[in-house]
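# Tertiary structure, described
This is what each chain is made of:
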Amino acid sequence: MTIEFDKHPFIVFSGRPTGQCKKFVQKRESKLLLFASIGGSCLIGIPTIIALTMFTSIGVLWTLGLCVPVILLFVSFCGLSPYIKGVESSILPSKIIIHDDGHMESIGETFHWVQMIDDVEYVIDYGLWYQINFIHTEKNLRFICQKDLLVQGTIEDFEKMFDGKLIRK
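Here's what I pulled together on the structure shown here. Predicted, not measured: the structure shown is a model, and the values here were computed from it. (Residues numbered from 1 in each chain as written. Predicted model: local features only at pLDDT ≥ 70, side-chain atom pairs only at ≥ 80, totals over all residues. Heavy atoms only, no water.)

## Section: the sheet that holds strand β3 (residues 103–107)
- Sheet architecture is open: five strands sit in the order β4-β3-β2-β1-β8, paired in antiparallel fashion. At either end of the open sheet lies a strand with only one pairing partner, and these are β4 (112–116) and β8 (150–152). Across this sheet, the average inter-strand angle for adjacent strands is 20 degrees, counted without regard to direction.
- Taken together, the two bridges between strand β1 (residues 9–14) and β8 define a ladder with antiparallel strand orientation. Its bridge partner being in β8, Phe13 is matched across the sheet by Leu150. (Pairing = 2+ DSSP bridges. Helix = DSSP H or I, 4+ residues; strand = E, 2+ residues; numbered from the N terminus. Axes fitted to C-alpha atoms, helices over the stretch in contact; angles between N-to-C directions.)

## What to know about a nonpolar patch on the surface
- Together, Val60, Leu61, Leu64, Val68 and Leu72 make up a nonpolar patch on the protein surface, roughly 460 Å² of accessible area in all.
- You can see Leu72 is positioned in helix α2 (residues 60–80).
- Relative accessible area serves as the criterion here: at 52%, Leu72 is assigned to the exposed category. (Patch = residues over 30% accessible without salt bridge, like charges linked within 9 Å, V, L, I, M, F, W, Y side chains within 5 Å. Areas by Shrake-Rupley, 256 points an atom, 1.4 Å probe, with all protein chains shown as cover. Salt bridge = Lys/Arg side-chain N within 4 Å of Asp/Glu carboxyl O. Buried < 20%, exposed > 50% of the residue type's maximum accessible area, 1.4 Å probe, protein only.)

## Topic: the sheet that holds strand β9 (residues 166–168)
- An order of β7-β6-β5-β9 is seen for the four strands of this open sheet, with the pairing classed as mixed. Across the chains shown, the open sheet's two edge strands, defined by having one partner strand only, are β7 (144–146) and β9. Ignoring strand direction, the axes of neighbouring strands in this sheet form an average angle of 20 degrees.
- Examined bridge by bridge, strand β5 (residues 120–125) and strand β6 (residues 129–134) share five bridges and lie antiparallel to one another. If you follow Val120 over to β6, its bridge partner there is Phe134.
- Here helix α1 (residues 19–55) sits on the sheet in contact with β6 and β7, set at roughly 35 degrees to β6. (Contact = heavy atoms within 4.5 Å.)

## Let's talk about the nonpolar core
- The biggest cluster of nonpolar side chains holds 15 residues, and the ones touching the most others in it are Met104, Ile132, Phe158 and Phe162.
- Secondary-structure elements contributing two or more residues to this core are β1, β2 (95–99), β5 and β6.
- Of the residues forming this core, the biggest block, three residues, is contributed by β6.
- One finds Cys21, Phe24, Val25 and Tyr126 within the second-largest nonpolar core, a separate group that totals 11 residues. (Core = buried A, V, L, I, M, F, W, Y, C linked by side-chain atoms within 4.5 Å.)

## Digging into the pattern of salt bridges
- Under the definition given, this model contains five salt bridges.
- The salt bridge partner of Lys147 is Asp125, with a shortest N-O separation of 3.0 Å. Highlighted residues: Lys147 in the loop between β7 and β8 and Asp125 in strand β5, separated in sequence by 22 residues.
- Exposure remark for Asp125: the relative accessible area of 4% places this residue in the buried category.

## Notes on the side chain of Gln115
- Examined against the element boundaries, Gln115 turns out to sit in strand β4.
- Taking relative accessible area as the criterion, Gln115 reaches 11% and is therefore assigned buried.
- If we skip the residues at most four places from it in the chain, Gln115 touches His103, Met104, Phe134, Thr137, Asn140 and Phe143.

## Some details on α1
- Here α1 contains 37 residues, and its C-alpha end-to-end distance of 52 Å stays within 8% of the 54 Å for a straight helix at 1.5 Å per residue.
- Maximum bend of α1: about 25 degrees, positioned at Cys42.
- Cys21, Phe24, Val25, Gln26, Glu29, Ser30, Ser37, Ser41, Gly45 and Ile49 are the residues of α1 that are buried.
- Packed against the buried residues of α1 are α2, α3 (85–91), β6 and β7. (Expected span 1.5 Å × (residues − 1). Bend = angle between axes of the 7 residues up to and from the residue.)

Keep in mind these numbers describe shape, not what the thing actually does.
So, in structure tokens, the structure goes:
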């Protein structure tokens, strides 16, 4: 099912973020994946280690020696995955479109997010880019607007649209 909107873009950022903006997204995504993988590893790893030591003749040290390296490799891979060339294209948006009918889109190779402008809680101005944060969602790194990728509209229009919600860092 495809949602059809009025196709009148007001502001468009086109192109994949680069430089400091790209590093910012990768670092945040890396932290998120690192915490998620540590949590998942604990939920699965601890019961597995306990079960192996209780129900097999393998000693505790052997069990730890087998499980801990596997868990560490898993956590390391998850934490480093945003920096892998092929993966970075799946976390960075290639186009942000803000429509004059009240919605905005973030389009990437593997995602297409649609949010309402009314749901914007605040916008952080990092100098070279903006991060748009929404009320009802977790920190969404898919709405990162690098200022030099603006191809339609103006920075003044963007800032006027989010007047009162703009936080400068």
